[in-house]
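Chain by chain, the residues:
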Amino acid sequence: MNAASSVSQASSPSRSRQTRGWRRFASSLRYGAGPLALVGFFLPWATGPGALSATEFSGFTLVGFAGRLQALDLSVAAGGAVWAVRFAILGVAVAGAWQTLLAPRHRAHPGYPLSGWYLAIAAVTCLTIGLARSGITTPPAGIACIAAAGLCFALGRTAGGATPS
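Described below are features of the structure shown in this document. (Residues numbered from 1 in each chain as written. Predicted model: local features only at pLDDT ≥ 70, side-chain atom pairs only at ≥ 80, totals over all residues. Heavy atoms only, no water.)

## Looking at the nonpolar core
Judged by nonpolar contacts, the single largest core of 15 residues is most densely connected at Phe41, Trp45, Ile89, Val92, Leu119 and Ile146. Counting residues per element, the ones that place at least two in this core are α1 (13-42), α3 (76-102), α4 (111-134) and α5 (141-160). Residues within four places of Ile146 in sequence aside, it is in contact with Ala37, Gly40, Phe41, Trp45, Val92, Leu119 and Ala123. Core analysis: the second largest hydrophobic core is formed by seven residues, Leu29, Ala33, Leu102 and Ala103 among them. (Core = buried A, V, L, I, M, F, W, Y, C linked by side-chain atoms within 4.5 Å. Buried < 20%, exposed > 50% of the residue type's maximum accessible area, 1.4 Å probe, protein only. Helix = DSSP H or I, 4+ residues; strand = E, 2+ residues; numbered from the N terminus. Contact = heavy atoms within 4.5 Å.)

## Things to note about helix α2 (residues 59-70)
Here α2 spans 17 Å end to end across 12 residues, near enough to the 16 Å set by a 1.5 Å rise per residue. When we look at burial in α2, the residues that qualify are Gly59, Val63 and Ala66. Looking straight down α2, one finds its buried side chains confined to an arc of 65°; they lie on one side. What points out from α2, more than 90 degrees from its buried face, is the exposed set Phe60 and Arg68. (Expected span 1.5 Å × (residues − 1). Arc of directions from axis to C-beta.)

## Let's talk about the packing of α2 against α3
Relative orientation of the contacting elements α2 and α3 amounts to 160°, with a least axis distance of 9 Å. For the element pair α2 / α3, the angle class is roughly antiparallel. Along this stretch, α2 crosses α3, giving a crossing that reads as left-handed. Contacts between α2 and α3 pair Gly59, Leu62, Val63, Ala66, Gly67, Leu69 and Gln70 from the former with Gly79, Val82, Trp83, Arg86, Ile89 and Leu90 from the latter. Within the contact of α2 with α3, the residues separate by chemical class into eight nonpolar, four polar and one charged. (Axes fitted to C-alpha atoms, helices over the stretch in contact; angles between N-to-C directions. Parallel < 35°, antiparallel > 145°, perpendicular 65-115°, else oblique. Left-handed = near helix turned anticlockwise from the far one by under 90°. Nonpolar A, V, L, I, M, F, W, Y, C, P; charged D, E, K, R; others polar.)

## A word on the layout of surface pockets
Counted as a void, the largest pocket has a volume near 630 Å³. If you trace the largest pocket, you find 25 residues lining it, with Trp45, Cys126, Ile129, Gly130 and Ile143 closest to the centre. Put simply, the parts of the chain that give the lining of the largest pocket at least two residues each are β1 (44-47), α3 and α4. The dominant element in the lining of the largest pocket, judged by the number of residues it contributes, is α4, at 10 residues. For the lining of the largest pocket, the residue count by class is 17 nonpolar, seven polar and one charged. (1 Å grid on protein atoms, 1.4 Å probe; cavity = no way out; pocket = protein on both sides within 12 Å on 5 of 7 lines; lining within 4 Å. Points joined across faces, edges and corners; volume = space filled by probe spheres on them.)

## Overview of a nonpolar patch on the surface
A contiguous nonpolar surface patch, about 490 Å² in accessible area, is contributed by Trp83, Phe87, Leu90, Val94 and Trp98. Turning to its location among the elements, Trp83 is positioned in helix α3. (Patch = residues over 30% accessible without salt bridge, like charges linked within 9 Å, V, L, I, M, F, W, Y side chains within 5 Å. Areas by Shrake-Rupley, 256 points an atom, 1.4 Å probe, with all protein chains shown as cover. Salt bridge = Lys/Arg side-chain N within 4 Å of Asp/Glu carboxyl O.)

## What to know about the environment of Gly96
Position of Gly96 among the secondary structure elements: in helix α3. The buried category is assigned to Gly96, whose relative accessible area is 0%. With 19 residues separating them along the chain, Gly96 and Ser115 place their C-alpha atoms 7.4 Å apart. Each residue touching Gly96, except ones within four places of it in the same chain, is listed here: Gly34, Ala37, Leu38 and Leu119.

This is the structure we're talking about:
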């Protein structure tokens, strides 16, 4: 009998306490992703250019603005692009709602990882567009919340796994 194998590392109290603390941290990250995305959807994403420079646009107002643009006589390509952007922005709110509903106990549902990775990709896309437009600056509050939501999902997913504990 080997002296090192007499006590299992998995059963040691400090190891299980560390794992429990890590799971609690991952759980809190999972719970934060959905509400952060929903709050970020209604906070400012950008300021307007030129005459609209005093106007702040949230995800909600951008979806409405894109809807008004669709009423114009646009080409098929321009109308399709506006339609795609409109639904991509609206997808942030839908993904946030799914994250809020599924994070507590239903993380094995296929909508949970799909909506979470959608938030992460949307955050990277918005941050990249902001970087291209303005350079390295602090993002608007809405984009920062969406980025935090995507980061919370990604960290919670890698730290805690996909199955409920």
